[in-house]
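# An overview of the molecular structure
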Amino acid sequence: MLSHDRVWAAIDALAERYSLSASGLARRAGLDSTAFNKSKRLSSDGRPRWPSTESLAKIIEATGASLDEFTGLIEGRMAAAPAHRRTVPLLGFAQAGAGGFFDDAGFPAGQGWDLVELPAQSTESSYALQVQGDSMLPLYRNGDVLIVEPGAVTRKGDRVVVKTTSGEVMAKVLERQTVKSIALVSLNPDHPDRDIAMRDVEWVARIVWASQ
């Protein structure tokens, strides 16, 4: 039975599952940090206020949860306890830019990487990059962890990590990609947008999850 209380309880459970507060979940989804506050769940006259379908879609995408997982939380089929967490290799952006750390497809090469638990869905090819510096503010801060998926299909508006043949590694928003070039929008307005010839691109990996 779909009810106002169950939908909001599922939002709280999803936040807990991915080690977030309700405010943290809202921020990760690109919403106002107060969007899921208890005070926002009822109108001034006491009538139930429902979250929009757009908000629900955004938090599902931001956490990497499936629609079935969220539906299960609404129906009470899934506990709020965190799902089984996989570990993936963790590299710094400096390592990502250095030679010898990746194969031609953008996958970590070799052994001995630090590992990080991944509280979100991933595939066998996922790995983690730790943000260093402030070039990705305000979206990503120094120390944040980005989970990337090499070879994943990318579309306009996706957040991606790109490595050039010169060893430069950057996180940007994909504006356009053709066989000749890739256009990238900077996350930080103090850093320029980029238009790079594909011959100068070593690999592109889509960002599928980011720590809060």
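Just so we're clear, the structure is a prediction, and the values are computed from it rather than from any experiment.

## Focus: the confidence of the model for the chain
Mean pLDDT over the chain stands at 79; residues scoring 70 or higher make up 76%. Looking at the elements of the chain, mean pLDDT is at its lowest for helix α5 (residues 93-97), recorded as 55, and at its highest for strand β8 (residues 194-197), recorded as 96. Here residues 80-84 is a poorly scored stretch, pLDDT under 50, and it has six contacts once near neighbours within four places are set aside; other chains count.

## A word on the side chain of Ser 186
Along the chain, the position of Ser 186 falls in strand β7 (residues 181-186). For Ser 186, a relative accessible area of 12% translates into the label buried. Of note is the side chain of Ser 186, whose polar atom sits 3.1 Å from the backbone oxygen of His 191. Not counting residues up to four positions away in its chain, the partners in contact with Ser 186 are Lys 172, His 191, Pro 192 and Asp 193.

## Some remarks on the packing of helix α1 (residues 4-17) against helix α4 (residues 67-75)
Across the interface, α1 lies against α4 with an axial gap of 8 Å and an inter-helix angle of 125 degrees. With respect to α4, the element α1 is oriented oblique. In this structure, the crossing between α1 and α4 has a hand that is right-handed. Here Arg 6, Val 7, Ala 10, Ile 11, Ala 13, Leu 14 and Arg 17 of α1 come into contact with α4, specifically with Glu 69, Phe 70, Leu 73, Ile 74 and Glu 75. For the contact of α1 with α4, the class distribution of residues is eight nonpolar, no polar and four charged.

## Quick word on α1
Taking 1.5 Å per residue as the helical rise, α1 with its 14 residues ought to reach 20 Å, and the 20 Å between its terminal C-alpha atoms agrees with that figure. Those residues of α1 lying buried are His 4, Val 7, Trp 8, Ala 10, Ile 11, Ala 13, Leu 14, Ala 15 and Arg 17. Against α2 (22-28), α3 (53-63) and α4 lie the buried residues of α1. Backbone geometry just after α1 places Ser 19 at a positive phi near 60 degrees.

## Section: the pairing of strand β6 (residues 169-177)
When strand β5 (residues 159-164) meets β6, the two strands line up antiparallel, connected through five bridges. Opposite Arg 159, over in β6, you have Val 173 as the bridge partner. Counted between consecutive antiparallel strands, the loop separating β5 from β6 contains four residues, among which Gly 167 sits at a positive phi close to 100 degrees. Sheet analysis places β6 next to β7, joined by five bridges and oriented antiparallel. Within β7, the residue paired with Lys 172 across the bridge is Ser 186. Counted along the chain from β6 to the antiparallel partner β7, the turn is three residues long.

## Observations concerning the pairing of strand β9 (residues 201-210)
Counting buried residues along β9, seven of its 10 residues qualify, which places the element largely inside the surrounding structure. Bridging between β5 and β9 involves five bridges; their strand directions are antiparallel. Looking across to β9, one finds that Val 160 is bridged to Arg 206.

The rules behind the values
- Residues numbered from 1 in each chain as written.
- Predicted model: local features only at pLDDT ≥ 70, side-chain atom pairs only at ≥ 80, totals over all residues.
- Heavy atoms only, no water.
- pLDDT = per-residue confidence, 0-100.
- Helix = DSSP H or I, 4+ residues; strand = E, 2+ residues; numbered from the N terminus.
- Contact = heavy atoms within 4.5 Å.
- Buried < 20%, exposed > 50% of the residue type's maximum accessible area, 1.4 Å probe, protein only.
- Polar contact = N/O pair within 3.5 Å; in protein donor to acceptor, adjacent residues only side chain to side chain.
- Axes fitted to C-alpha atoms, helices over the stretch in contact; angles between N-to-C directions.
- Parallel < 35°, antiparallel > 145°, perpendicular 65-115°, else oblique.
- Left-handed = near helix turned anticlockwise from the far one by under 90°.
- Nonpolar A, V, L, I, M, F, W, Y, C, P; charged D, E, K, R; others polar.
- Expected span 1.5 Å × (residues − 1).
- Pairing = 2+ DSSP bridges.

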